[in-house]
Amino acid sequence: MAMTVAASSSVAVMIPRAPAVSARCSAVPYLPPLPSRSFGRSSFTVPLKLVSGNGLQKVESMKTRASSSEETSTSIDTNELISDLKEKWDGLENKSTVIIYGGGAIVAVWLSSIVVGAINSVPLLPKVMELVGLGYTGWFVYRYLLFKSSRKELAEDIDSLKKKIAGTE
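Scoring rules and cut-offs
Residues numbered from 1 in each chain as written. Predicted model: local features only at pLDDT ≥ 70, side-chain atom pairs only at ≥ 80, totals over all residues. Heavy atoms only, no water. Helix = DSSP H or I, 4+ residues; strand = E, 2+ residues; numbered from the N terminus. Buried < 20%, exposed > 50% of the residue type's maximum accessible area, 1.4 Å probe, protein only. Areas by Shrake-Rupley, 256 points an atom, 1.4 Å probe, with all protein chains shown as cover. Polar contact = N/O pair within 3.5 Å; in protein donor to acceptor, adjacent residues only side chain to side chain. Contact = heavy atoms within 4.5 Å. UniProt positions renumbered as here; feature names shortened; annotations may be inferred.

Caption draft 1: Spatial organisation of the overall build of the protein. For the protein, the count of helices and strands is five helices and four strands. Reading the protein from its N end, one meets helices and strands in the order α-β-β-β-β-α-α-α-α. By residue count, 2% of the 169 residues in the protein fall in the buried class. As displayed, the protein has an accessible area near 16100 Å², and 64% of this comes from carbon and sulfur atoms.

Structure follows, in structure tokens:
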């Protein structure tokens with residue numbers, strides 16, 4: 001009996017809700033849907049909109065298309081490249097020396113990346129190294145690139161170094 005009294009004395013409280021309002025902000029412009037993609041051509045459309053005093057006004061879209069003409073000056077003939085490499089490889093006398101130097105270069109690059117990683121892990125040292133590099137770059141520009149006579153001297157030094165490496169000197 002106590003159970004029925006408690007159940008009958010309960011009152012349902014209903015709180016009125018505010019009507020559902022769209023959560024769209026008027027300051028954010030409406031974005032149009034993406035255009036359909038065509039796989040045959042490379043083109044895209046850029047919608048342009050201008051802001052005026054009374055809101056947004058749509059302006060005509062500008063369509064851009066990539067050119068499909070192939071330029072022969074930038075293309076690389078892989079067969080010609082491979083045949084040139086084969087000719088140069090066959091013309092070498094000491095192939096083992098070339099392999100050893102190539103392997104040594106790969107090991108040197110690997111070791112230098114380890115050293116650079118260790119330097120970067122030390123706090124403040126990378127910034128000091130950047131300052132040293134910036135100072136050396138400034139000195140090099142002043143010493144070799146700023147004046148015409150020093151540019152000629154640099155070109156002569158590079159040419160003599162090329163001759164020493166090639167063995168023609």
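Caption draft 2: Summary view of the side chain of Ser150. Within the secondary structure, Ser150 sits in helix α5 (residues 148–166). What makes Ser150 buried here is its relative accessible area of 6%. Within the structure, Ser150 has its side chain in polar contact with the backbone oxygen of Phe147 (distance 2.8 Å). When neighbours within four sequence positions are excluded, Ser150 is seen to be in contact with Arg143, Tyr144 and Leu145.

Caption draft 3: Here's a closer look at the UniProt feature "transmembrane region" (unreviewed entry) in the protein. The feature "transmembrane region" (unreviewed entry), as given by UniProt, occupies residues 98–119 in the numbering adopted here. Along residues 98–119, the helical share is 100% and the strand share 0%, with 31 Å between the first and last C-alpha atoms.

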